[in-house]
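A look at the structure
Residue-level listing of the chains:
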Amino acid sequence: MSVAAVFVLAAFSAAVSLAGSPAGSVPTTKLKAKVSPHRRRLSPGTPIRFSIDTRFGSRPPGGRFVLRRADYLFPRSVALNGRRFPSCSVRMLNRARGGLRACPRGSKIGSGVVPGRAVDLGALISRGRLTLFNGPGGRSITVNVRVRVPAIINTTVSARLRRLRGADKLTLVLPSELNTILDGDIVTSRVHLSLGATRTVNGVKRGYVEATHCPSGGKGRMRGTFTFRGGANASADAKVAC
């Protein structure tokens with residue numbers, strides 16, 4: 001596997017230190033999510049944009065925790081409608097050597113950013129730009145990642161989508177061999193994703209993300225669960241106004 005591919009997927013790793021984790025250090029995470037437009041009691045079927053902001057750290061500060069798996073359980077107040085949108089697969093982008101124009105029109109459903117640090121290469125700062133496409137059959141999200149520093153990188157991975165007890169769950173698994181470059185970690189303290197696209201189906205405007213219902217308290221609940229190298233875990237909840 002190329003150094004470029006290793007760096008890109010490692011950009012999803014979480015850490016906050018230039019040294020190894022001190023004894024007793026545990027990973028921490030903060031999760032925020034919001035919908036737009038924000039209007040109290042959005043009508044069911046309203047197309048919306050859904051953003052997720054995840055920040056990683058440790059307690060006490062100074063820990064290095066490399067992310068192996070990230071699970072996002074969306075609130076029941078929203079639904080992802082990938083089956084109604086064109087799709088683009090990892091294979092399609094790989095055949096086009098990462099050329100985004102290879103994806104069908106209307107398959108792009110979001111974007112994101114992953115700032116990272118090559119901590120064993122002088123803490124070199126890097127910034128990954130994410131382009132999100134609807135995966136085959138709406139059962140996944142195809143994630144294209146582009147990085148310019150420390151090298152020009154363009155690679156694509158797939159994140160699985162499932163429907164669990166009325167809520168959509170997004171899962172990204174990172175193989176352990178993709179968390180390092182030149183025997184050192186590539187880490188980030190933040191992952192930001194924004195999902196939202198619309199298209200007209202039978203004369204009706206539909207959204208990739210749509211409001212479904214709103215709990216009596218006016219807020220839905222989202223949960224992020226993260227597993228790190230070595231078996232450490234962390235989770236966080238976010239309340240999402242609806």
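Below: a short report on this structure.

Calculation rules
- Residues numbered from 1 in each chain as written.
- Predicted model: local features only at pLDDT ≥ 70, side-chain atom pairs only at ≥ 80, totals over all residues.
- Heavy atoms only, no water.
- Patch = residues over 30% accessible without salt bridge, like charges linked within 9 Å, V, L, I, M, F, W, Y side chains within 5 Å.
- Areas by Shrake-Rupley, 256 points an atom, 1.4 Å probe, with all protein chains shown as cover.
- Salt bridge = Lys/Arg side-chain N within 4 Å of Asp/Glu carboxyl O.
- Lys, Arg positive; Asp, Glu negative; His and termini not counted.
- Charge placed at Lys NZ, Arg CZ, Asp CG, Glu CD.
- Helix = DSSP H or I, 4+ residues; strand = E, 2+ residues; numbered from the N terminus.
- Buried < 20%, exposed > 50% of the residue type's maximum accessible area, 1.4 Å probe, protein only.
- Pairing = 2+ DSSP bridges.
- Contact = heavy atoms within 4.5 Å.
- Disulfide = S-S within 2.5 Å.
- Polar contact = N/O pair within 3.5 Å; in protein donor to acceptor, adjacent residues only side chain to side chain.

1. Some points on a positive patch on the surface
A cluster of basic side chains, namely R49, K108, R129 and R148, defines a positive patch on the protein surface. By the secondary structure assignment, K108 is in strand 5 (residues 108-118). In this structure K108 comes out as partly exposed when scored by relative accessible area, which is 48%.

2. Overview of the pairing of strand 14 (residues 204-207)
Sheet topology places strand 13 (residues 198-201) next to strand 14; four bridges connect them, and they run antiparallel. Among the inter-strand pairings, T198 is bridged to a residue of strand 14, identified as G207. As consecutive antiparallel partners, strand 13 and strand 14 are separated by two residues, and within that stretch N202 has a phi angle of approximately 50°, a positive value.

3. As for the side chain of N134
Turning to its location among the elements, N134 is positioned in strand 6 (residues 124-134). Residues within four places of N134 in sequence aside, it is in contact with G82, F85, P86, S87, C88, S107, I109, S140, T142 and Y208.

4. Some details on the state of the cysteines
Linking two cysteines covalently through their sulfur atoms gives a disulfide. Under the counting rule described, the total for this entry stands at one disulfide. Between the sulfur atoms of C88 and its disulfide partner C103 the distance amounts to 2.0 Å. Across the S-S bond linking C88 and C103, the dihedral sits near -65°, which makes this disulfide left-handed. With a gap of 15 residues between them, C88 in the loop between strand 4 (78-80) and helix 2 (90-95) and C103 in the loop between helix 2 and strand 5 connect regions that are remote in the sequence.

5. What about the environment of S107?
Structurally, the position occupied by S107 is in the loop between helix 2 and strand 5. The residues touching S107, leaving out its near neighbours within four places in the chain, are P86, S87, C88, L132, F133 and N134. At a separation of 2.6 Å, a polar atom in the side chain of S107 contacts the main-chain carbonyl oxygen of P104.

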